[in-house]
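# Chains, contacts and geometry: an overview
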Amino acid sequence: MSLGEAETTGPGEAETTGPGEAGATEPTGVLLAQLGTPASPSTGDVRRYLREFLSDPRVIDLPAPARWLLVNGVIAPFRAPRSARAYREIWQPEGSPLRIHTEALAAALRERLGTRVPVAVGMRYGKPALTDALTELADAGVGRIVVATLYPQHAESSRGTALAAVQAWAASRAASPALAILPPFFAAPGFIESLAAQARPVLEPFRPDQVLLSYHGLPERHVQAADPSRDHCLVHPRCCQQPGATDFCYRAQCFATSRAVAATLGLPLERISTGFQSRLGRARWIGPSTDDLLVSLAGRGVRRLAVLCPSFVADCLETLEEIGIRARARWRELRGEAFALVPCVNASPPFVEFLAGQVEAMAG
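As the structure is a computational prediction, the values presented were derived from the model and not from experiment.

### Quick look at the state of the cysteines
Using the criterion set out here, one finds zero disulfides in the structure. Just so you know, Cys344 is unpaired, no disulfide at all, and the nearest cysteine sulfur is the one on Cys309, 5.8 Å from it.

Following this line, the structure appears as structure tokens:
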């Protein structure tokens, strides 16, 4: 499902699909859809997770035989031990931080919405599976499911594949609840304010020279494939600022988030930077890269750096280890004096309130 197919009425409105409107006495359920996490930080569990994740053709968009060879012959065998070590750096006694924070968000949303609105967590990869969470909601007798994919910006390799799995589940059933899809919320005021509410207690005492907003990266061909004109994306340096770019372009949506966060925090644009992290493989990825920005910011004399990760709503491997540990160490190597990582929105009250408001508006 493309972004245009998912939200044909505009970025602030939601599509409802399925067999019909929910009945007056049938409750609405909520699916919180996340990317996923290994079952444990062991090499074996991480390898199994990587194989499931990277075998998705929306993630690695190579022909099936080439993708199988790359994942099973190169990435899973060699990357799994390194990734397992990274997971062990952040793993908690209760489990994966991503799952801990997502379950806490579900619990807070249940409390806010009340007992008539069941909330289930589903992982696109790993457990609990999306299909199991959807079946749990359907078995609870809901007439409509609000699908809240926990990705503020739309990319086919994240939000797109989750929506495709949800639609496949619905199509496999003789009858299923109606589906109401939460649109991308990259610039929604409630989401931006929840980011700002997390940032203020860190930024005010820290007093950074520069604030870096680091988003998950994508191969350039992914954003180019999303361009309906096929001749707009990455054609010139300011392409993401063109009217309508945020309708389809993940990179443009990230820059829109950065501008909105800066405005809400009262930061001049020259004091913020936007970068992209988590590169994999040798393909060209969208930039500028977070790694390169660390070098250039240090070279410009920035000494106190604060980092937000607004493409992640829950702290996870990419925020806690890649930024909180590795990027922090790199900043010290570059002779930066201080480094602060702002937590993701997680289960913070403003984000819970934002999601609850979206669910209530979509419940009909």
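### Let's talk about the pairing of strand β3 (residues 119-125)
Of all seven residues making up β3, six are buried, and the element is well covered by its neighbours. Bridge analysis of strand β2 (residues 28-36) against β3 gives six bridges, and the strand direction is parallel. Bridge pairing in β3 links Gly36 to Tyr125.

### Brief notes about the packing of helix α10 (residues 290-299) against helix α11 (residues 317-333)
Helices that pack against each other are described as a pair by the angle of their axes relative to one another and the distance between those axes. It is the contact of α10 with α11, at a shortest axis distance of 10 Å, that shows an interaxial angle of 35 degrees. At the point where α10 passes α11, the crossing takes the right-handed sense. Contacts between α10 and α11 involve Thr290, Leu294, Val295, Leu297 and Ala298 on the former and, on the latter, Ile323, Ala327, Arg330 and Trp331. Of the residues contributing to the contact of α10 with α11, the split by class is seven nonpolar, one polar and one charged.

### What about the sheet that holds strand β6 (residues 210-216)?
The parallel open sheet is built from four strands, whose spatial order is β7-β6-β8-β9. Of all strands in the sheet, those with a lone pairing partner are β7 (272-277) and β9 (338-341), marking the two edges. Neighbouring strand axes in the sheet, compared pairwise and without regard to direction, differ in orientation by 25 degrees on average. In terms of strand pairing, β6 meets β7 through six bridges, oriented parallel. The partner of His216 across the bridge, within β7, is Gln277. Here helix α7 (residues 189-206) sits on the sheet in contact with β6, β8 (304-308) and β9, set at roughly 175 degrees to β8. Taken strand by strand, α11 contacts β6, β7, β8 and β9, and its axis lies near 175 degrees from that of β9.

Parameters at a glance
Residues numbered from 1 in each chain as written. Predicted model: local features only at pLDDT ≥ 70, side-chain atom pairs only at ≥ 80, totals over all residues. Heavy atoms only, no water. Disulfide = S-S within 2.5 Å. Buried < 20%, exposed > 50% of the residue type's maximum accessible area, 1.4 Å probe, protein only. Helix = DSSP H or I, 4+ residues; strand = E, 2+ residues; numbered from the N terminus. Pairing = 2+ DSSP bridges. Axes fitted to C-alpha atoms, helices over the stretch in contact; angles between N-to-C directions. Left-handed = near helix turned anticlockwise from the far one by under 90°. Contact = heavy atoms within 4.5 Å. Nonpolar A, V, L, I, M, F, W, Y, C, P; charged D, E, K, R; others polar.

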